[in-house]
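Given next are the chains, with one letter for each unit.
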Amino acid sequence: MKRLLILSGKGGTGKTTTAAAFIGFSGAKAFADCDVDAPNLHLVSSFDSVGHKTVYMGSKKASINTDLCAGCGKCLEVCRFDSVEANDGKYKIKEFACEGCAVCTHVCPQQAISMVPDEAGEMELYKDYRVFSTARLKMGRGNSGKLVTEVKAALKREAQDSELQIIDGSPGIGCPVIASVAGVDMALIVTEPSVSGISDLKRLVKTAGSLEVKIAVCVNKFDISFEKTKEIMNFCKDLSIPFVGCVPFDRKASEAINSGKSIAYFDCPARNALFEIYKNTIEILNN
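Residues numbered from 1 in each chain as written. Predicted model: local features only at pLDDT ≥ 70, side-chain atom pairs only at ≥ 80, totals over all residues. Heavy atoms only, no water.

*Asks:* Go over the pattern of salt bridges with me, naming the residues and quoting the values.
*Replies:* Close approach of charged atoms allows side chains with opposite charge to pair. The full count for this structure, using the stated rule, is eleven salt bridges. Taking the shortest distance from any N to any O, the salt bridge between Glu276 and Lys279 comes out at 3.1 Å. Linking Glu276 with Lys279, this pair stays in helix α9 (residues 269-286), spanning three residues, or about one helical turn. A cluster of three or more residues bridged by salt bridges with shared partners is formed by Lys127, Arg157 and Glu158. (Salt bridge = Lys/Arg side-chain N within 4 Å of Asp/Glu carboxyl O. Helix = DSSP H or I, 4+ residues; strand = E, 2+ residues; numbered from the N terminus.)

*Asks:* Could you give me a rundown of helix α7 (residues 226-238), with the residues and numbers involved?
*Replies:* For α7, with 13 residues, the first-to-last C-alpha span of 18 Å sits near the 18 Å given by 1.5 Å per residue. All buried positions along α7 are accounted for by Thr229, Ile232, Phe235 and Cys236. The buried residues of α7 occupy one face: seen down the axis, they fall within an arc of 120°. In α7, the exposed positions angled more than 90 degrees off the buried face are occupied by Phe226, Glu227, Lys237 and Asp238. (Expected span 1.5 Å × (residues − 1). Buried < 20%, exposed > 50% of the residue type's maximum accessible area, 1.4 Å probe, protein only. Arc of directions from axis to C-beta.)

*Asks:* Tell me about helix α4 (residues 144-158), and please be specific about residues and values.
*Replies:* In this model, α4 (15 residues) spans 21 Å end to end at C-alpha, consistent with the 21 Å of a helix rising 1.5 Å per residue. Within α4, burial applies to Ser144, Gly145, Leu147, Val148, Val151, Lys152, Ala154 and Leu155.

*Asks:* Which residues make up the confidence of the model for the chain, and what are the values?
*Replies:* Averaged over the chain, the pLDDT score is 92; the fraction of residues at 70 or greater is 99%. Averaged over each element, pLDDT in the chain is lowest for helix α8 (residues 251-258) (84) and highest for strand β11 (residues 243-247) (98). (pLDDT = per-residue confidence, 0-100.)

Written out as structure tokens, the structure is:
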């Protein structure tokens, strides 16, 4: 089994479009969306079956039993995160502000405050003749890396016999990206020819390199700046990073995305360029 991860240093570079195209080109029977803060691979992944949903419990947060609360305000005094507020003469915890430090539980004279597991997100697993694992993190939760690990574990568990698993990773270089990279055979970095795109590419290459994963790079919308595209190619050459191709700006790619379809099934220049990138990437993955 080979596990291919698609990454980008920033949002909007075409990472998910590339992942969806690769799934279509390869006919992959196992894939996952690890961008748990803003998952969208499901928009182009139609399944006849209803996804099996599982609540993901994160770290604990404080909860005040209003029947026991005497309204003394000591919890309000000690909270560093402004997560306690008045509630009809008593107090309650602000769900999105509590950091789970538990200081309030130690100062409450009524023992009205307890630490309870927090519903941090929701995992979904779709199965027909394919397996698709995804999840959505609730707003304000800081468990994205752990949730990504769970998404990948579910895919691995439910698709053990798959020859190829394609994973749509998170943008950036933070915890969810590190969790996405762990255990994969190769990462394809999708970048764009802009100052910010090049800066984020360099950061992501450094991050992936520290995790000792095989990487390759491609450029999306390369024709918006030939100069910056050349700069990216030279950067890859200097570091001996495989450069697997360029994708032109193509309005039909936007049409495919807006219609909820993978560009793999459209006849357009962007699709043809992505197919060549797919072939080059798979060759590196298998060597």
